[in-house]
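Remarks on the overall topology
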Amino acid sequence: MPKPLIALLATVLLTFGVSSYSDRIDPYYLDVMTGVGINVILAVSLNLVNGYTGQFSLGHAGFMSVGAYLSAGITLLLGPRLLGEAGGTALQQGLLFLAALVVGGLGAAAAGLAVGIPSLRLKGDYLALVTLGFGEIIRVAFQNIDALGGALGLNGIPNYTTIFWVYSFAALTVFTVVCLVRSTYGRGFIATHDDEVASEAVGLNTTRYKIVAFVVGAFFAGVAGGLYGHFKLTITPTGFDFTKSIEIVVMVILGGMGNTPGVIFAAILLTILPEVLRSMEQYRMVLYSLLLIVLMLARPKGLFNFDYVAIAARLWKKLRPARS
Amino acid sequence: MSEFLQQLINGLSLGAIYALIALGYTMVYGVLRFINFAHSDVFMVGAFIGYFVGRHLPEGTVWAGLIAMAAAMAGCAILGIGIERLVYRPLRSGPTLNVLITAIGMSLFLEYTGQLVFGATPRAFPSIFPAKLIQVRGLIVSMNQVIVIVVAALLMVGLQFAVFKTKIGTAMRAVALNPKAAQLVGINIDVVISFTFGIGSALAGAGGVLYALNYPSIDPLMGLVPGLKAFVAAVLGGVGNIPGATLGALILGMVETFVDGSRWSTYKDAIAFATLIGILLFRPAGLLGRFTAEKV
């Protein structure tokens with residue numbers, strides 16, 4: 001079996017183990033951990049679009065909202081019918097939740113395709129603005145659909161999100177993005193990022209690569225949305241506005257564009273940071289913004305942008321003589 | 001018919017305010033090629049300066065209004081130049097995305113510092129200009145709307161003069177065209193960029209006061225929505241293009257006002273973006289922008 005697949009399966013098993021002991025963990029830490037996992041999914045999937053493929057998308061929260069609403073709709077509307085009044089067994093709930101997440105992800109991917117095909121002709125800031133615009137349009141549309149609760153949003157979503165689901169999907173996201181980019185096919189993403197004109201000249205269909213990146217990114221954003229909905233138990237359209245999109249973009253840029261380990265670290269840091277600063281509630285956001293500016297001035301290539309392979313090789317060299 | 005004209009005037013005054021903000025976005029983009037996210041918060045600071053100065057002045061006189069606006073413009077110009085000098089200049093040689101994130105950081109900083117200093121609760125903006133309703137053949141025009149349109153028009157004519165007839169304006173256009181070549185012919189690029197930020201922020205400050213006159217409730221997060229709309233307007237007209245920003249802002253103001261008056265009013269916020277996407281699909285560089293092929 002290939003190594004990445006083993007790593008994926010091992011992580012899933014590990015999260016299952018941790019999850020079965022989750023009632024021994026302090027609920028507050030559990031909440032923070034869940035938030036971290038969801039943000040890791042969002043940041044890593046956006047990194048495929050913004051980092052590896054070099055397209056600047058500002059609409060990730062919009063795709064997240066599509067996934068959140070779809071999956072919440074499924075568990076709220078179909079759940080009672082399929083599982084009966086009693087709520088079904090844990091396995092049945094799990095299967096329903098998995099189906100809801102996948103459908104949410106597919107819905108978001110479809111939205112990504114619909115947004116991507118017309119807008120990926122645009123470049124740079126124009127693309128950023130159009131994706132932002134689509135995100136806002138999706139939000140306003142949800143606000144006006146009464147069946148989905150309108151501006152009040154959906155309430156009473158069943159509490160299905162566990163550490164197992166969040167971290168399994170986080171592992172799956174990392175697995176998919178890393179393997180996709182490292183595959184022969186996936187080199188095209190990086191080529192599109194490096195030089196679009198040159199890639200076209202050697203026969204790569206750059207538009208196709210951009211759309212694939214967009215759709216895959218949107219799928220995982222949708223899954224993250226589903227997890228978020230079943231974690232917060234209530235979703236409102238304003239929770240997915242463009243400040244949320246910007247929050248995810250900040251994680252990607254701070255981690256270093258196209259650098260998956262860095263982006264994961266940044267997602268963890270930026271989720272925990274507001275919690276750490278909670279004791280000084282008043283100054284929290286001021287400090288957060290100041291840190292953002294200072295970090296960008298001090299480490300312009302991303303906070304966690306190290307050459308991981310080189311560091312590992314150096315460590316290996318240091319350790320080896322000690323062994324022999 | 002008279003309702004149509006009424007909406008036209010409302011749209012014109014909203015568009016004029018958008019135009020004042022959009023000009024700052026477009027000028028900075030023209031020179032530095034990045035979206036200055038903090039611009040919408042400079043706009044907010046302008047409204048607050050107008051509020052604090054306006055409180056100490058007698059209400060309802062033209063000169064009091066003008067003093068408040070001049071103070072807001074001066075204050076915002078200093079703020080804009082300061083932000084550029086301290087935060088954006090060290091990053092100028094770096095990738096644009098970093099400047100973008102720094103701009104987002106600056107925007108958050110201004111918003112939340114504003115909440116600390118001014119408090120998060122909205123404040124009522126004093127009516128510094130004389131408030132009167134003028135009735136012309138069934139049309140009701142408030143004095144504020146007239147002031148907004150006149151002041152915005154004057155400022156835009158002034159800007160046009162500054163950019164096309166003065167030496168520094170010529171230098172600004174040269175930097176927008178090609179920063180390296182501009183430096184080679186002896187233009188001090190730092191001065192030009194400071195000037196651009198100063199003018200753009202002053203216009204935003206004036207926009208802040210005018211906006212607060214029409215929607216007299218100000219809070220530290222008030223810049224978010226008009227700022228986003230103004231940026232949409234700048235892109236609509238072709239970002240980097242000064243007449244384009246004005247045109248885009250007027251179109252956006254009109255479209256929004258007419259949608260607001262129709263039964264689709266709850267979709268008002270989406271319409272701005274739908275217009276933008278519709279136009280960009282047919283003209284990818286905006287209405288007045290020129291599409292240039294990438295050279296290798």
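Now for a look at the structure at hand. Here the structure is a predicted model, which is why all the values come from computation and not from measurement.

Here's the deal with the overall build of chain A
Across its full length, chain A holds 13 helices and 0 strands. Here chain A has a C-alpha radius of gyration of 20 Å; the compact-globule value for 324 residues is 20 Å, and the two agree. Each principal axis of the C-alpha distribution contributes one length, and for chain A these read about 65 × 55 × 50 Å. Relative to its full complement of 324 residues, chain A shows a buried share of 49%. When contacts within chain A are restricted to residue pairs at least 6 apart in sequence, long-range pairs at least 24 apart make up 83% of them.

Some thoughts on the interface of chain A and chain B
In many analyses, interface size is given as the accessible surface area lost on bringing the parts together. Counting residues at the interface gives 28 residues for chain A, matched by 33 residues for chain B. Elements represented by at least two residues in the side of chain A that touches chain B include exactly α5 (124–144), α10 (242–255) and α12 (284–298) of chain A. Looking at the side of chain A that touches chain B, the element that brings in the most residues is α5(A), giving 10 residues.

What about the nonpolar core?
Generally speaking, soluble globular proteins have nonpolar side chains that are buried together. Membership of the largest hydrophobic core comes to 198 residues, with the highest contact counts inside it found for A43(A), L20(B), A22(B), A206(B) and V232(B). Per element, the largest residue contribution to this core is 15 residues, and it comes from helix α1 (residues 2–32) of chain B. The residues touching A43(A), leaving out its near neighbours within four places in the chain, are I248(A), M251(A), V252(A), G255(A), V263(A), A266(A) and A267(A).

Let's talk about helix α11 (residues 260–276) of chain A
All names here are of chain A. Between its first and last C-alpha atoms α11 spans 24 Å; for 17 residues at 1.5 Å apiece the expected length is 24 Å, and the two agree. Among the residues of α11, those classed as buried are T260, G262, V263, I264, F265, A266, A267, I268, L270 and T271. Here the buried face of α11 lies against α2 (27–52), α6 (163–182) and α10.

What counts, and where the lines are drawn
- Per chain, residue numbering runs from 1 following the sequence as it is written.
- All chains are assigned letters beginning at A, and all ligands numbers beginning at 1, according to the order in which they are written.
- Where totals are concerned, whole chains, interfaces and linings use all residues; where local detail is concerned, this predicted model gives features only for residues with pLDDT of at least 70, and gives and counts side-chain atom pairs only at 80 or more.
- Put simply, DSSP marks the helices as runs of H or I at least four residues long and the strands as runs of E at least two long, and each gets a number from the N terminus on.
- We take the radius of gyration over the C-alpha atoms and set the globule estimate at 2.2 Å times the residue count to the 0.38 power.
- Buried means a residue has 20 or more other C-beta atoms within 10 Å of its own C-beta, exposed means 12 or fewer, and partly exposed covers the counts in between; C-beta atoms are placed from the backbone.
- Once C-beta atoms are placed from the backbone, any two residues with those atoms within 7 Å are in contact.
- To form a nonpolar core, buried Ala, Val, Leu, Ile, Met, Phe, Trp, Tyr and Cys residues must be joined through C-beta atoms within 7 Å.
- A helix's residues, less one, multiplied by 1.5 Å, set its expected span.

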